[in-house]
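# Reading the structure
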Amino acid sequence: MQAPDQNIITHLMGEQPIVEARSAIADTFAGRIHVEWDATAPVTPFGQLPFFIDYLKQAGLFDAWVADCPLSLTSPNAPSKRDLLGTVMLSVLAGHRRYAHITTLRCDAVNPSLLGMRKVVSEDSVRRGLAKIDPAKGLPWLQNHLDYCTTPLLSEPWVLDMDSTVKTLYGHQEGAEVGYHPHKPGRPSHAYHTYMLSSLRLVLRVDVLPGDQYNVAHATDGLWTLLDHLGPTCRPSLLRGDKSWGIERVMARAEQSDLGYLFRLRMTANVKRSLERAMQQSDWADAGQGWQGKETSLRLSGWSRQRRIILLRRKLARDLAITDIANAAQPRLGFAEVEPDKSVWEYAALVTSLDSEILTLGQLYRDRADAENGFDELKNQWGWGGFTTQDLTRCRLLAAMVALIYNWWSLFARLADPAHHREAITTRPLLLSAIARKTHHAGQVTLTVSSMHGAHDKARRAYVRIAGFLAELRKNAEQLDPLEKWYRILSEALRHFLKGRQLQPPLRLRPA
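Residues numbered from 1 in each chain as written. Predicted model: local features only at pLDDT ≥ 70, side-chain atom pairs only at ≥ 80, totals over all residues. Heavy atoms only, no water.

The first and last C-alpha atoms of helix 3 (residues 81–93) sit 18 Å apart over 13 residues, in line with the 18 Å expected at 1.5 Å per residue. Judged by how many residues are buried, helix 3 sits mostly within the fold: 11 of 13 residues are covered. Taken residue by residue, helix 3 has Asp83, Leu84, Leu85, Gly86, Thr87, Val88, Met89, Leu90, Ser91, Val92 and Leu93 as its buried positions. Just past helix 3, the residue Gly95 takes up positive phi, approximately 85°. (Helix = DSSP H or I, 4+ residues; strand = E, 2+ residues; numbered from the N terminus. Expected span 1.5 Å × (residues − 1). Buried < 20%, exposed > 50% of the residue type's maximum accessible area, 1.4 Å probe, protein only.)

Encoded structure:
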């Protein structure tokens, strides 16, 4: 244990000189305990971060990210790129949402040196440094590193999930425009359009636009840019999105590119009429999890052709509770009774180019809930709701940095549990938070870790597994370059999805 202030024991003049106490006795409700301070041993609240740093080093992720950064600072007092980017990464991992929170990292005297940093820089240094990154170079730099994380996985059949969210703003930021905000109407915001590798919840691209560009019409440019960037060999098997994406310009372009799609439809008057006709019929098929489905075809206003429509319905229980959230400060709850001769149904409509059966399509769309959780996790647990500056460029850079660090951490957490994606609200306390004391003895550096939560044994088992894998990688793969090591790490982290198969890096010509 280390105290910020050392206790001083004083004596009467002439008895003993003033000495600094290194220990004390505390009488507690559990009995007397002996407490010692070691002012020479630095401590960190992120005591288990060295394992993550080992992972970044073995994969070559952090070194390459720093080396490629298009930032050049010539002042002798300017921080190094490694110190600046390392500070950003530590802040994001700590769950910060404001630049001002960076100040709390100053108490960490252990992890910055383990990252090869000389110091944790100030919040002002981070702001000024990011402002000097040319957006024409900075955004491609970050996109290249997002690609490095995910491209090895895109040779498998995969689904691209698209979604948009808004970040509320309270100042006079560039791009702070009034758009759609379900909870705070009239509040200026930024719009985040995100494209994610479904099931693995890895971010492929994020576009930050002014708040009045929240709708899909402004997101389609980013979608086609991403698909062109991936090329024909890595393109998805399916585009999937909510009712905002079921529009002519998206579906027509997907059909021209021979891309499958599955979107939810808005309940327009024509869709409701089709559903009303179908409800009178009895030949509904099983769509899974209590849902029933029926196929039809429609050509809605503005569409260029008829398309396959899947109508879905699910009978609700007779005991219903209705929540009124018109006043968010005081929501009201009401109860409704359904008479025995009446039924209450939940309904939806999907539009698709797939020829799969109704049961498969129903499950495919329900699987989208996984991606919805990923979008919420990034906004609520990873700082997309914060790190705001006056200019839009730095907001875009930070959004891509957060997405990249989120990808790194998500894949690292899968080394501990390859079968599941665990959100940061679970993995950060388990795999990151712990008090660690750094000591030197006989030329050896030791970290003494004390868990800050009750799952000490679970965290220890997880890290024994991760440390064992990384040690084996160092021992048996010394001849591998960072790319080949990265493919080994991905194969281990995602072995549940790959069914034990090893990912193979692309063949390259070796020097003579």
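Phi at Arg201 takes a positive value of approximately 55°, unusual for a residue other than glycine. Looking at the element boundaries, Arg201 is found in the loop between strand 8 (188–197) and strand 9 (202–210). Judged by relative accessible area, which is 7%, Arg201 ranks as buried. Backbone geometry at Asp258 places phi at a positive 60°, although glycine is not the residue there.

With that settled, the discussion passes to the pattern of salt bridges. Evaluated as defined, the whole model comprises 21 salt bridges. Each of Asp161, Asp163, Arg240, Arg368 and Glu372 takes part in a single network of salt bridges with overlapping partners. (Salt bridge = Lys/Arg side-chain N within 4 Å of Asp/Glu carboxyl O.)

Running from N to C, helix 6 (residues 135–150) and helix 12 (residues 392–416) cross one another at 15°; their axes reach a closest spacing of 10 Å. It follows from the interaxial angle that helix 6 and helix 12 lie roughly parallel. Crossing handedness for the pair helix 6 and helix 12: left-handed. Packed against helix 6, whose contacting residues are Pro135, Gly138, Leu139, Trp141, Leu142, His145, Leu146, Cys149 and Thr150, the element helix 12 presents Thr393, Arg396, Leu397, Ala400, Met401, Ala403, Leu404, Asn407, Trp408 and Leu411 at the interface. Of the residues in the contact of helix 6 with helix 12, the class split is 13 nonpolar, 5 polar and 1 charged. (Axes fitted to C-alpha atoms, helices over the stretch in contact; angles between N-to-C directions. Parallel < 35°, antiparallel > 145°, perpendicular 65-115°, else oblique. Left-handed = near helix turned anticlockwise from the far one by under 90°. Contact = heavy atoms within 4.5 Å. Nonpolar A, V, L, I, M, F, W, Y, C, P; charged D, E, K, R; others polar.)

The contact between helix 1 (residues 49–59) and helix 3 brings their axes to 13 Å, and the two run at 130°. Between helix 1 and helix 3, the angle falls in the class oblique. Crossing angle aside, the handedness with which helix 1 passes helix 3 is right-handed. When helix 1 is examined against helix 3, the residues Leu49, Phe52 and Leu56 are found in contact with a partner set consisting of Met89, Leu90 and Leu93.

Let us look at the nonpolar core. Counting 122 residues, the largest nonpolar core has Phe52, Tyr55, Trp65, Met89, Leu160, Trp382 and Trp408 as the members making the most contacts within it. The greatest single-element share of this core, amounting to 17 residues, is contributed by helix 12. With near-sequence residues (within four places) excluded, Leu160 lies in contact with Tyr195, Met196, Leu204, Leu223, Leu226, Leu227, Pro236, Leu238, Leu239 and Arg240. (Core = buried A, V, L, I, M, F, W, Y, C linked by side-chain atoms within 4.5 Å.)

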